[in-house]
Amino acid sequence: MIDYENILNPVVTGIKPSGIRKFFDIAATMDDVISLGVGEPDFPTPWQIRNTGIRSLEQGHTKYTSNKGLAPLCREICTYVHRKYDLTYDPDTEVLVTVGGSEAIDACLRAIVRPGDEVIIPQPSYVCYEPITQLVGGVPVILETRPENDFKVTADELRSLITPRTRALILPYPCNPTGGIMERADLEAVAEVLKDTGIIVISDEIYAELTFGGLRHTSPASIPGMWERTITVNGFSKAFSMTGWRLGYACGPAPIIKQMTKIHQFAIMCAPTTSQYAAVEALRSGDEAVAKMVEEYDMRRRLIVSGFNELGLVCREPKGAFYAFPCITSTGMSSDEFCEALLRERQVALVPGTAFGKGGEGFVRASYCYSTEHILEALARIRAFLDDLKK
Amino acid sequence: MDRKILKLLSKNARATAKEIAVMLGRTEEDVAAQIREMEKAGLIRGYKAVVDWEAVDTTTVSAIIELKVTPKAGLGFEEVAERVAKYPEVESVYLMSGVYDLSVMVRGKTFQEVAMFVAKELSTIDSVTQTATHFVLRRYKEMDIELHDRNNDDRSTFLL
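Residues numbered from 1 in each chain as written. Chains lettered and ligands numbered in written order. Predicted model: local features only at pLDDT ≥ 70, side-chain atom pairs only at ≥ 80, totals over all residues. Heavy atoms only, no water.

**Student:** Mind showing me how you'd approach the packing of aromatic side chains here?
**Tutor:** Between two aromatic rings, the relevant description is the distance of the centres plus the angle of the planes. Residue and element names in this part refer to chain A. Using the criterion set out here, one finds 20 aromatic pairs over all chains in the structure. With a centroid separation of 5.3 Å and 70° between ring planes, the pair formed by F43 and Y297 is classed as edge-to-face. Of this pair, F43 sits in the loop between β1 (34-35) and α4 (47-58) while Y297 sits in helix α12 (residues 287-310), and the two are 254 residues apart along the sequence. Between F212 and Y368 the ring centres are 6.5 Å apart and the planes differ by 55°, which places this aromatic pair in the tilted class. Remark: Y368 occurs in the loop between β12 (364-367) and α14 (372-390) and F212 occurs in the loop between β6 (200-204) and β7 (230-235); sequence separation between them is 156 residues. The same class applies to F212 and to Y368, which are both buried. (Phe/Tyr/Trp six-rings, centres within 6.5 Å; stacked < 30°, edge-to-face > 60°. Helix = DSSP H or I, 4+ residues; strand = E, 2+ residues; numbered from the N terminus. Buried < 20%, exposed > 50% of the residue type's maximum accessible area, 1.4 Å probe, protein only.)

Set out below in structure tokens:
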């Protein structure tokens, strides 16, 4: 008999399981669940993009591509980030096409973190940064962002966490789950703290296209003094509704991209070929389709935020991504208790804020990647749930 | 005219002025006034449920009737089109380009009933020179709504 407990890597077995496992199991026993629990667009990939993928298959483009990605795609990525975010990269040496933004984050942390190095991770945020840091032998240092700061990273908080061992700072904006964004002035303050340090910024900008209220996304690397210390991570999943295609990219200084490409080459070989062909089309002609989706998200965003506030669950205006992050402390319950009771009593699936870090306590995440009818039905059920609580 | 309101109402006629106002970032009063105005101007002609009649009862039959019509001097197709539209059996009437002139959607209880309506009523109109009846066998999509694919959200319940 093999004693698996003893042969498995303790760093891996020590990683906490996802905070929503329990909720999966409860929901699996129910018929009529109405979910606001999914961080994934509901729109199908725009037809023209799908069709380009299909055409590439018809033409027999079914082989590996070069490790770093198709040359036309690398060029389109550079054109795109230049026209959208004022970023300049060389397609030959400063771009890597990855399997989703996640692989880019993984490769970047592997490339830069040495054992014992500290990685500053703002939370609440997407769940991958902490475990990947642990896997590469790094030490996660959590920066708790605050609702009163719109969940931004402030210069003072950042400064207080920097040590001689700090290797990297994650900037996960626009932010899942808080909807927070970092504006130019916020980023300039961060740049001021980081200048003269060797700290690398991993900027996860997967939601960059999804900002609202006339606020355009500002890329950290576009701030003076930041380009040389920033790896910009982006992808096709959220903006172009291409989650299943698994395609992302990293842009940054050549010495870092070169090492990331090496990791990618041995671990992955290359990103999916069909997806790469489709992605070229997305970057060339996707603007109109993206604008339509953003307009639709914006209407849903207003609807759900107004809905939560009317229910007495205070909800700040999320300025990016596609999540509302209302506060549920008025119910006297913890996030976890609230989500479990709501799921059991009214079959509405929300994600407790604590799934995104301890600082998420008191909040729940509600995705608005759903039709307005679906959102209204969910809000009506939450109203009924809250009414029952008051009785 | 307010295209954004029209677009939202054409997707969901039950959306309230308040909901629309929230979604568009406007006031409820403004949206309600716009809707009233568009109703008065005849831009909004009604609010109806999209019913899957086949699921309700299997004895409903629909047909699309192609009519060839001799246009009248000075009146063109107007007179006959308006006359056809008056029948309660007729759901819709369109003037078409191509090999025939009017496309008429007719609903009845049986194939026989629809066929007799065409024979007795439509084909006896003076200027109608020819009819062709095509019965609807199955409906897949009605007013933008897919009738048989009710839950095509294949996403999971939770995803972080």
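**Student:** So what exactly am I meant to see when it comes to the interface of chain A and chain B here?
**Tutor:** By convention, interface size is frequently given as the accessible area that disappears when the constituent parts associate. Across the boundary between the two partners, chain A contributes 35 residues, which contact 17 residues of chain B. Summed over both sides, the interface of chain A with chain B buries roughly 2100 Å², with 65% coming from carbon and sulfur. Counting the surface chain A buries against chain B, the share from its top three residues, A:V38, A:M299 and A:R302, is 23%. For the salt bridge of A:E295 with B:K4, the shortest nitrogen-to-oxygen distance reads 3.9 Å. (Contact = heavy atoms within 4.5 Å. Buried area = accessible area lost by both parts, 1.4 Å probe. Salt bridge = Lys/Arg side-chain N within 4 Å of Asp/Glu carboxyl O.)

**Student:** I keep staring at the environment of B:V51 and nothing clicks. Help me out?
**Tutor:** Here B:V51 lies in the loop between α3 (28-40) and α4 (53-56). Residues B:V51 and B:L147, spaced 96 residues apart in sequence, show a C-alpha to C-alpha distance of 9.4 Å.

**Student:** Can you walk me through the domain arrangement of chain B in this structure?
**Tutor:** Parsing chain B into structural domains produces domain 1 (3-40) and domain 2 (53-138). Placing a centre on the C-alpha atoms of domain 1 of chain B and another on those of domain 2 of chain B gives a separation of 35 Å. (Domains from an automatic or database assignment.)

**Student:** Please explain the environment of B:V90 as it appears in this structure.
**Tutor:** Position of B:V90 relative to the elements: it lies in strand β2 (residues 90-95). Leave out the neighbours within four places in its chain, and B:V90 touches B:V84, B:A85, B:V104, B:M105, B:V106 and B:F117.

**Student:** Would you mind going over the state of the cysteines with me for this structure?
**Tutor:** Two cysteines, two sulfur atoms, one covalent bond between them: this is a disulfide. All names here are of chain A. With the rule as written, the count across this model stands at zero disulfides over all chains. Free of any disulfide, C175 has its nearest neighbouring cysteine sulfur in C128, separated by 12 Å. On the accessibility criterion, C175 (2% relative accessible area) is buried. (Disulfide = S-S within 2.5 Å.)

**Student:** How should the nonpolar core be read in this particular structure?
**Tutor:** One broad trend across soluble globular proteins is that nonpolar side chains are buried collectively. Residue and element names in this part refer to chain A. By size, the foremost hydrophobic cluster in this structure holds 96 residues, and its most contacted members are L73, F236, F240, F338 and L350. The greatest single-element share of this core, amounting to nine residues, is contributed by α12. Once you skip the residues sitting within four places of it in the chain, F236 turns out to touch L73, I206, S241, M242, L247, G248, Y249, A279, A282 and L283. In terms of nonpolar packing, the next biggest core, distinct from the first, is built from 24 residues, L109, I121, Y129 and I132 among them. (Core = buried A, V, L, I, M, F, W, Y, C linked by side-chain atoms within 4.5 Å.)

**Student:** It is not clear to me how α4(A) should be interpreted in this structure. Could you clarify?
**Tutor:** Residue and element names in this part refer to chain A. For α4, with twelve residues, the first-to-last C-alpha span of 16 Å sits near the 16 Å given by 1.5 Å per residue. If you check which residues of α4 are buried, you get I49, G53 and S56. Seen end-on, α4 carries its buried residues on one side only, within an arc spanning 60°. In this structure, the buried side of α4 is in contact with α11 (273-285). G60 sits one or two residues past α4 and shows a positive phi near 85°. (Expected span 1.5 Å × (residues − 1). Arc of directions from axis to C-beta.)

**Student:** Can you walk me through the domain arrangement of chain A in this structure?
**Tutor:** All names here are of chain A. Domain annotation for chain A reports domain 1 (4-45 + 288-390) and domain 2 (47-286). Using C-alpha coordinates to define each centre, domain 1 is positioned 25 Å away from domain 2. At the interface, 35 residues of domain 1 touch 41 residues of domain 2. Both sides of the domain 1 and domain 2 interface together cover about 3000 Å² of buried area, and 61% of this is carbon and sulfur. Among the residues of domain 1 in contact with domain 2, T45, K319 and F356 are the three that bury the most area, contributing 26% of the side total. One can count two salt bridges joining domain 1 with domain 2. Counting the contacts that link domain 1 with domain 2 gives 19 residue pairs in polar contact (both at pLDDT 80 or more). Put simply, the parts of the chain that give the side of domain 1 that touches domain 2 at least two residues each are α2 (10-13) and α12. Looking at the side of domain 1 that touches domain 2, the element that brings in the most residues is α12, giving eight residues. Partitioning the side of domain 1 that touches domain 2 into residue classes produces 20 nonpolar, six polar and nine charged. (Polar contact = N/O pair within 3.5 Å; in protein donor to acceptor, adjacent residues only side chain to side chain. Nonpolar A, V, L, I, M, F, W, Y, C, P; charged D, E, K, R; others polar.)

**Student:** Honestly, the pattern of salt bridges in this entry has me stumped. Any pointers?
**Tutor:** Opposite charge on two side chains permits pairing when their charged atoms draw close. Residues and elements named next belong to chain A. In this structure the tally under the stated criterion is 40 salt bridges over all chains. Here R216 ties to E209 by a salt bridge, and the two come within 3.3 Å at their closest N and O atoms. Given a relative accessible area of 6%, E209 falls into the buried group. Put simply, R346 and D388 hold a salt bridge, and the shortest N to O gap is 2.8 Å. Here D388 lies in helix α14 and R346 lies in helix α13 (residues 335-346), a separation of 42 residues in the sequence. Looking at R346, the relative accessible area reads 27%, which means it is partly exposed. Through salt bridges that share partners, R83, K84, E209, R216 and D287 make up one connected network.

**Student:** How should I be thinking about the sheet that holds strand β4 (residues 139-144) of chain A in this particular structure?
**Tutor:** All names here are of chain A. The strand order β2-β8-β7-β6-β5-β3-β4 describes an open sheet built from seven strands, whose pairing is mixed. With one partner strand each, in any of the chains shown, β2 (95-98) and β4 form the two edges of the open sheet. The mean angle between the axes of side-by-side strands here comes to 20°, regardless of whether they run parallel or antiparallel. Pairing geometry for strand β5 (residues 166-171) and β6, over four bridges, is parallel. What sits directly across from A168, in β6, is I200. Contacting β2, β7 and β8 (248-251), helix α5 (residues 71-85) crosses the sheet at an angle of about 110° to β2. (Pairing = 2+ DSSP bridges. Axes fitted to C-alpha atoms, helices over the stretch in contact; angles between N-to-C directions.)

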